[in-house]
Amino acid sequence: MGDELPRSDEEIELNELLRQAAAGPDHPLTAAQTARILASLPPRAAPRDRVLPVVLPAAACLTLAIAGALSDAVPTQVRELAIAVMVGNLALSPVAALALVWRRRFQNAT
Amino acid sequence: MTDEDHVALLQAGDEAAWRRLCEDLGAPLYRYCYWLAGADVAAAEDLRQETLLAAIPGIAGYRGEVPLFAWLSGIARHKAADARRRSCRHVALDEAGDAPAADPSPEAGALVTERNAQVVDTLWSLPRDYRIALLARYAGEESVESVAVRLGRSYKAAESVLSRARQAFFERFRKECKHGGRTSTQ
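*Asks:* Please explain the packing of helix α6 (residues 128–139) of chain B against helix α7 (residues 144–151) of chain B as it appears in this structure.
*Replies:* For any two helices packed against each other, one specifies the inter-axial angle together with the distance between the axes. All names here are of chain B. Interhelical geometry of α6 versus α7 gives an angle of 150° and a closest axis separation of 9 Å. Classified by the angle their axes make, α6 and α7 are roughly antiparallel. The handedness of the crossing between α6 and α7 is right-handed. The segment α6 lies against α7, with Asp129, Ile132, Ala133, Ala136 and Arg137 engaging Val144, Val147, Arg150 and Leu151. For the contact of α6 with α7, the residue count by class is 6 nonpolar, no polar and 3 charged.

Here you go:
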């Protein structure tokens, strides 16, 4: 394993090419130069907010349910259904709020 | 993170991705610009900066047909050509009829710097393992055993990587020399 073969012409040429090209100075970007480049990045577009399309139908549904529950004109079965929708809506609200918060956090993390 | 993921983040304007590009490719890009600018330190700094600044709006058009470094070197080449044209115009306007002192062999010097630029471009356009192996073995004069340790492979596997890396290097390098530099990828 230690006895390596003599270098071929190609290897000698490669050795010469790499040594010459590596002879130039080594200048990584300084922090200031990097900052200048990063400063020219365009501001990232904010992720599209899809809260309203979710909240509006839910609010409309709740409004209808409240109207149904309070109205005397609707049959009892419909009123019961309206009350069930209201209760369900209230129960699910914290879950929806949590989902929105988690989504925001995930977007900010990435 | 794969190269594709990195490019996607660059295209999305992700600051961390651009910082990583500056850290990973800033030094080799400088070396490329240094040789492209005829071994002029100040011009190389300017050229690198201009290249990276132009890469930010240009990255949207990058489709991954060539390695990222090759794409950057293409921008640098264009910028250098623009700078040369500007400088020729200035010389023509400012020093008309007053020829500059002749360099001992400007053509030979230009050929050497051009070739060195092509070596840097070729090397940094190769897959990472190939580049590490070639640099360690032929620029660092390391043994094959040492290259194997660097790559985390067996001696035989390292020999095989070196052989394929040499072949890939010369294929690309000769193509570059034949075409007199990269064609535009922007």
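So, next bit.
*Asks:* Is there a simple way to think about the pattern of salt bridges in this case?
*Replies:* Where charged atoms from two side chains of opposite charge approach closely, those side chains can pair. Counting across every chain of the model gives 12 salt bridges over all chains. Here Glu159 of chain B and Lys156 of chain B are joined by a salt bridge, their closest N and O atoms 3.5 Å apart. Taken together, the residues Glu159 of chain B and Lys156 of chain B, both in helix α8 (residues 155–179) and 3 residues apart, mark about one turn of the helix. Under the relative-accessibility criterion, Lys156 of chain B is labelled exposed at 63%. Through salt bridges with shared partners, a single ionic network connects Glu10 and Glu11 of chain A together with Arg166 of chain B.

*Asks:* How should the interface of chain B and chain A be read in this particular structure?
*Replies:* Interface size, as often reported, equals the accessible area lost upon joining of the parts. Contact with chain B, which involves 41 residues of that partner, is made by 31 residues of chain A. Roughly 3500 Å² is buried in total at the junction of chain B and chain A, and carbon and sulfur atoms are behind 59% of that figure. Contact with chain A buries surface across chain B, with Arg31, Gln49 and Tyr138 of chain B losing the most and accounting together for 18% of the total. The partner of Glu11 of chain A in a salt bridge is Arg166 of chain B, and the shortest N-O contact between them spans 3.2 Å. Linking chain B with chain A are 11 residue pairs in polar contact (both at pLDDT 80 or more).

*Asks:* Just checking my understanding: could you explain the packing of helix α2 (residues 31–39) of chain A against helix α2 (residues 15–36) of chain B for this structure?
*Replies:* Where α2 of chain A meets α2 of chain B, the axes come as close as 10 Å, and the angle between the chain directions of the two elements is 140°. It follows that α2 of chain A is oblique to α2 of chain B by the angle criterion. In this structure, α2 of chain A crosses over α2 of chain B, and the sense of that crossing is right-handed. The residues of α2 of chain B that touch α2 of chain A, namely those facing Thr34, Ile37 and Leu38 of chain A, are Glu15, Trp18, Arg19 and Cys22 of chain B.

*Asks:* Sorry if this is basic, but what is going on with α6 of chain B here?
*Replies:* Because each turn of an α-helix spans 3.6 residues, side chains separated by three or four positions end up pointing in the same direction. All names here are of chain B. The end-to-end C-alpha distance of α6 is 15 Å, a good match for the 16 Å that 12 residues give at a rise of 1.5 Å each. Three or more residues of α6 are buried, namely Tyr130, Arg131, Ala133, Leu134, Ala136, Arg137 and Tyr138. Phi turns positive, to about 60°, at Glu141, one or two residues after α6.

*Asks:* Is there a simple way to think about the confidence of the model for chain A in this case?
*Replies:* Regions with low pLDDT should not have their predicted coordinates read in detail. In this model, chain A carries a mean pLDDT of 80, and residues with pLDDT of at least 70 account for 84%. Within chain A, the lowest mean pLDDT, 78, falls on helix α4 (residues 76–109) of chain A, and the highest, 94, falls on α2 of chain A.

*Asks:* Is there a simple way to think about unusual backbone geometry in this case?
*Replies:* Residues apart from glycine generally show negative phi values, whereas peptide bonds are mostly found in trans. Residues and elements named next belong to chain B. The phi dihedral of Ala39 is positive, around 60°, even though this residue is not glycine. Within the secondary structure layout, Ala39 lies in the loop between α2 and α3 (41–58). Looking at Ala39, the relative accessible area reads 31%, which means it is partly exposed. If you check the backbone angles, Glu141 has positive phi at about 60° while not being a glycine. Structurally, Glu141 can be placed in the loop between α6 and α7.

*Asks:* I keep staring at the packing of aromatic side chains and nothing clicks. Help me out?
*Replies:* The geometry of an aromatic ring pair is captured by the separation of the ring centres together with the interplanar angle, meaning the angle of the planes. Residue and element names in this part refer to chain B. Scanning the model with the defined rule gives 7 aromatic pairs over all chains in all. Consider the rings of Phe69 and Trp124, whose centres lie 6.2 Å apart with planes at 40°: the pair is tilted. Here Phe69 is found in helix α4 (residues 68–94), whereas its partner Trp124 is found in helix α5 (residues 106–124), with 55 residues between them in sequence. In this structure Trp124 comes out as partly exposed when scored by relative accessible area, which is 23%. Their ring planes at 20° and their centres at 5.5 Å tell us that Phe169 and Phe173 sit as a pair that is stacked. Taken as a pair, Phe169 and Phe173 lie in helix α8 at a separation of 4 residues, close to a single helical turn. Overall, the relative accessible area of 0% leaves Phe169 in the buried class.

Rules used in this analysis
The residue numbers shown here count from 1 along each chain, following its written sequence. Here the convention is simple: chains get letters from A, ligands get numbers from 1, in the order in which they are written. Local features in this predicted model are restricted to residues whose pLDDT is 70 or higher, and side-chain atom pairs enter the listing and the counts only when it is 80 or higher, whereas totals over whole chains, interfaces and linings include all residues. Side-chain metrics rest on all non-hydrogen atoms present in the structure, leaving aside hydrogens and water. Lines fitted to C-alpha atoms define the axes, with helix axes restricted to the stretch in contact, and inter-axis angles between N-to-C directions lie between 0 and 180 degrees. Secondary structure elements are taken from DSSP: a helix is a run of H or I of four residues or more, a strand is a run of E of two residues or more, and numbering for both begins at the N terminus. For this classification, under 35 degrees means roughly parallel, over 145 means roughly antiparallel, 65 to 115 means roughly perpendicular, and everything else is oblique. It is the rotation of the near helix from the far one that decides the hand of a crossing: anticlockwise by less than a right angle makes it left-handed, clockwise makes it right-handed. For this analysis, residues touch if any pair of their heavy atoms sits within 4.5 Å. Gly is placed with the polar residues, together with every amino acid not listed as nonpolar (Ala, Val, Leu, Ile, Met, Phe, Trp, Tyr, Cys and Pro) or charged (Asp, Glu, Lys and Arg). Any Lys or Arg side-chain nitrogen found within 4 Å of a carboxyl oxygen on Asp or Glu counts as a salt bridge. Three labels apply to residues, based on accessible area from a 1.4 Å probe with only protein chains included: buried if under 20% of the type maximum, exposed if over 50%, partly exposed otherwise in between. Each of two parts loses accessible area, computed with a 1.4 Å probe, when they are put together; buried area is these two losses added. Under this definition, polar contacts are N or O atom pairs within 3.5 Å; protein pairs additionally need one hydrogen-donor-capable and one acceptor-capable atom, and for neighbouring residues in sequence, both atoms have to be side-chain atoms. Multiplying one less than the number of residues by 1.5 Å gives the expected span of a helix. Values of pLDDT, ranging from 0 to 100, describe the predictor's confidence in every residue of the model. Stacked, edge-to-face and tilted are the three classes for Phe, Tyr and Trp ring pairs, Trp counted by its six-membered ring, which pair at centre distances within 6.5 Å; planes under 30 degrees apart are stacked, over 60 edge-to-face, the rest tilted.

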